[in-house]
Amino acid sequence: MTFLGFFTLAFVAISAVLAVTSRNLFESSVWLGIFSLMMAANFFILDAPDVAITEAAVGAGVSTVLFLGALALTAEHEHVKEKFRWLPVVVMSVLGVVLLVVSFEQPLLGDYTAPVHQHVAPWYLSETPRLIDIPNIVTAILASFRGYDTLGEVIVVFTAGIGVISVLGFRPKSKSTLRGSSLAQRVRGVQHHAVLRVVGKLLIPVLMLFALVVQFHGKYTPGGGFSAGALFAAAVMLYGILEGADKSAKALPQLVMLRLAALGATIYSGVGLVAFFKGGNFLNYSVLVTDPLAGQYLGILLIEFGVGLTVTAVLIMIFNAIANRDSY
Amino acid sequence: MTPTSNLVVTALGLLNYWVYIFLLCVGLYAVLVKGNYVKRMIGLGIFQSAVFLLYISMDKVDGGTGPIFQGEPVAGQIFSNPLPQVLILTAIVVGIAVTALGLALAIRIKEEYGSIEEADTQRMDREA
Amino acid sequence: MSLAYDIATWACLGAGAFFVLVGGIGALRMPDLYTRLHAASVTETLGTLLIVAGLMLHSGGQLATFKLFAILVFLLFTSPISGYALANTAQASGLKPLLGPQNQKARQQ
């Protein structure tokens, strides 16, 4: 428990309280972004670099944009009723006290003899160089040892994308009565901020390049398909904010994104089925080519690509659906 | 001195879990008590992040580094536990997908009812 | 030689921390949005430059130095324009800057 860890934990607690108690919802979503960033720093201090990258990209990037887009379509202020209900406060206090009492039975932070470090984790740490031979153990477990769970997660992300499209629709109903120059002024994004547009457009290709590095270098450095998908979607969201959401919807149409999301999940299960038909189990990459280690390498590369494709396409689809909707 | 220093060591070791309990209660308070739907989604996001903090706190090992082999695997090198990180990595992206779905529903509720406060929507449902 | 590197690192980090503190105090104590932005801009340019320069000296000639340099370039790109966006939006929304007594008298005339 270093001083830095203590500082980030205190900041996390303070920003969470401020996010919940602010009346202005824009202020709440900014505090939520700060909360996510501090949580990402905390994850890095606790030796979890993959999780830190993903939380920073998703929580402080994508989530803040989605909240602000939804707030532009709903309301800015929260109406707080004066009625004070006892039952939720009692439930919360009981839960807090019970958890606090139970927490004294927990092993302390960093204890090497804790049960969570005993059974499966040493097996993973010792067998990964022999069976899979890639440096990043988290990617090895995610993609190969626990590949079936990751397939389920990809399907869940795809289902959420379908859910958002079913609720919001492909072509938003146009209730707008603005015509001509005022309509052009409204949908043009931050067109009149020339400085923002120039510097922002310089950053978009760099962000996309970094997303590709994180995707394909995920075997050697912290990264992988989930973080890369969020980073690529963040680059497209930056373009949509700078140039106007209609331009980003025209560049990456909703139907194409839906097909790409389905393609990503299909690639994942397709690799599993190819392994199945070649004589091994479902998602056993060792039978893909003659050399088992090369088979594992190829299998992990393909399914991480599928994961990144699905996550990118779903997040872009959700952003286009929310940002292109006419306000009430 | 020994009981006090023992208490301080215990408090420092358990501080992550106490912050997790505090964030859990803050998130749960927002979901249960607040009437605004967007504020409830914010509370749900805080709740999810608190659970991530619990799992990642469990995986830290004293003197360990991140679970990545630098060069050849050296016998006796201490790594932090990689397994909770795998679970949380996918949970983060699933969490943002669920948040996006909740926000889409809030947008539609605003368009149909004209308000995203629970009191207004329940009143309109009763009157209809 | 490594002693010189250490002293330079400590000097850069200490000066960077001092400027970040000055920016923080200014952001709290200044009366108006524009003056607070002016104080915060000290943090995001000079503070960032000195701290990252100190870290670059600390890591020697490895890959980490180049990565830190790339981080510095990106921070210097994005922080000032976010300050610009804030000030421009505040002015477009009609927030008038707080003027001193002489300028206020001149404006009223």
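Residues numbered from 1 in each chain as written. Chains lettered and ligands numbered in written order. Predicted model: local features only at pLDDT ≥ 70, side-chain atom pairs only at ≥ 80, totals over all residues. Heavy atoms only, no water.

(A) Structural context of the overall build of chain C. Looking only at helices and strands, one finds 4 helices and 0 strands in chain C. Going residue by residue from the N terminus, the α and β elements of chain C occur as α-α-α-α. Its C-alpha atoms give chain C a radius of gyration of 19 Å, more than 25% over the compact-globule value 13 Å for 109 residues. With the principal axes as the frame, chain C shows a C-alpha extent of 65 × 25 × 20 Å. (Helix = DSSP H or I, 4+ residues; strand = E, 2+ residues; numbered from the N terminus. Rg over C-alpha atoms; globule rule 2.2 N^0.38 Å.)

(B) The interface of chain A and chain C, seen in detail. Listed by partner, the interface residues are 8 residues for chain A and 8 residues for chain C. Across the chain A to chain C interface the summed buried area is about 710 Å²; carbon plus sulfur atoms make up 86%. Across the contact surface, chain A and chain C share 0 salt bridges. Our count for the chain A to chain C interface comes out at 0 residue pairs in polar contact (both at pLDDT 80 or more). Class assignment for the residues of the side of chain A that touches chain C results in 7 nonpolar, 1 polar and no charged. (Contact = heavy atoms within 4.5 Å. Buried area = accessible area lost by both parts, 1.4 Å probe. Salt bridge = Lys/Arg side-chain N within 4 Å of Asp/Glu carboxyl O. Polar contact = N/O pair within 3.5 Å; in protein donor to acceptor, adjacent residues only side chain to side chain. Nonpolar A, V, L, I, M, F, W, Y, C, P; charged D, E, K, R; others polar.)

(C) Just the packing of helix H2 (residues 25-45) of chain A against helix H2 (residues 37-58) of chain B, in detail. Direction vectors running N to C along H2(A) and H2(B) enclose 5°, while the axes themselves pass 11 Å from each other. Regarding the angle of H2(A) to H2(B), the classification is roughly parallel. On the side of H2(A), the interface is formed by A:Leu25, A:Ser28, A:Ser29, A:Leu32, A:Phe35, A:Met39, A:Asn42 and A:Phe43, while H2(B) contributes B:Val38, B:Lys39, B:Ile42, B:Ile46, B:Ser49, B:Ala50, B:Phe52, B:Leu53 and B:Ile56. Here the residues of the contact of H2(A) with H2(B) sort into 12 nonpolar, 4 polar and 1 charged. (Axes fitted to C-alpha atoms, helices over the stretch in contact; angles between N-to-C directions. Parallel < 35°, antiparallel > 145°, perpendicular 65-115°, else oblique.)

(D) Region of the structure containing the packing of aromatic side chains. Residues and elements named next belong to chain A. Taken as a whole and judged by the stated rule, the model has 9 aromatic pairs over all chains. Ring centres of Trp-123 and Phe-145 lie 5.6 Å apart, and the angle between their planes is 65°; this geometry places the pair in the edge-to-face category. In this pair, Trp-123 sits in helix H5 (residues 121-131) while Phe-145 sits in helix H6 (residues 137-145), placing the two residues 22 residues apart along the sequence. Exposure remark for Trp-123: the relative accessible area of 41% places this residue in the partly exposed category. You can call Phe-145 partly exposed: its relative accessible area is 25%. Taking the centre distance of 6.4 Å and the plane angle of 20° together, the rings of Phe-216 and Phe-305 count as stacked. Of this pair, Phe-216 sits in helix H9 (residues 194-216) while Phe-305 sits in helix H13 (residues 292-323), and the two are 89 residues apart along the sequence. According to the relative accessible area criterion, Phe-216 is partly exposed, its value standing at 39%. (Phe/Tyr/Trp six-rings, centres within 6.5 Å; stacked < 30°, edge-to-face > 60°. Buried < 20%, exposed > 50% of the residue type's maximum accessible area, 1.4 Å probe, protein only.)

(E) Looking closely at the environment of A:Asn281. Residue and element names in this part refer to chain A. On the secondary structure map, Asn-281 appears in the loop between helix H12 (254-277) and H13. Look at Asn-281 and you get exposed, because its relative accessible area is 54%. Apart from residues lying up to four places away in sequence, Asn-281 is in contact with Ala-275 and Phe-276.

(F) How the structure looks around the domain arrangement of chain A. All names here are of chain A. With domains assigned, chain A is organised as domain 1 (1-104) and domain 2 (135-328). Distance from the C-alpha centre of domain 1 to the C-alpha centre of domain 2: 25 Å. At the interface, 13 residues of domain 1 touch 17 residues of domain 2. For the pair domain 1 and domain 2, the two sides together bury roughly 1200 Å², of which 82% comes from carbon and sulfur. Our count for the domain 1 to domain 2 interface comes out at 0 salt bridges. Across the domain 1-domain 2 interface, the total number found is 3 residue pairs in polar contact (both at pLDDT 80 or more). Counted by class, the side of domain 1 that touches domain 2 contains 10 nonpolar, 2 polar and 1 charged residues. (Domains from an automatic or database assignment.)

(G) Up close: the arrangement of the chains. Ranking the 2 pairs of chains in contact by contact count places chains A and B at the top. Chain B shows no contact with chain C. Their nearest C-alpha atoms sit 14 Å apart.

(H) Molecular detail of the pattern of salt bridges. Using the criterion set out here, one finds 10 salt bridges over all chains in the structure. Residues B:Lys60 and A:Asp47 are paired through a salt bridge, measuring 3.1 Å at the closest nitrogen-oxygen approach. You can see B:Lys60 sitting in the loop between H2 and helix H3 (83-113) and its partner A:Asp47 sitting in the loop between H2 and helix H3 (49-73), one on each of two chains. Of the two residues, B:Lys60 and A:Asp47, both sit in the buried class. Residues joined by salt bridges that share partners form a network here, namely A:Arg197, A:Lys201, A:Glu243 and A:Lys247.

(I) Expanded view of the interface of chain A and chain B. Taken residue by residue, the interface counts 93 residues in chain A and 76 residues in chain B. Taken together, both faces of the contact between chain A and chain B bury some 7900 Å²; the carbon and sulfur share is 78%. For the pair chain A and chain B, the number of links is 2 salt bridges. Linking chain A with chain B are 12 residue pairs in polar contact (both at pLDDT 80 or more). Only helix H1 (3-21), H2, H3, helix H4 (86-103), H5, H6, helix H7 (147-168) and H13 of chain A provide two or more residues apiece to the side of chain A that touches chain B. The dominant element in the side of chain A that touches chain B, judged by the number of residues it contributes, is H3(A), at 13 residues. For the side of chain A that touches chain B, the per-class residue count stands at 62 nonpolar, 18 polar and 13 charged.

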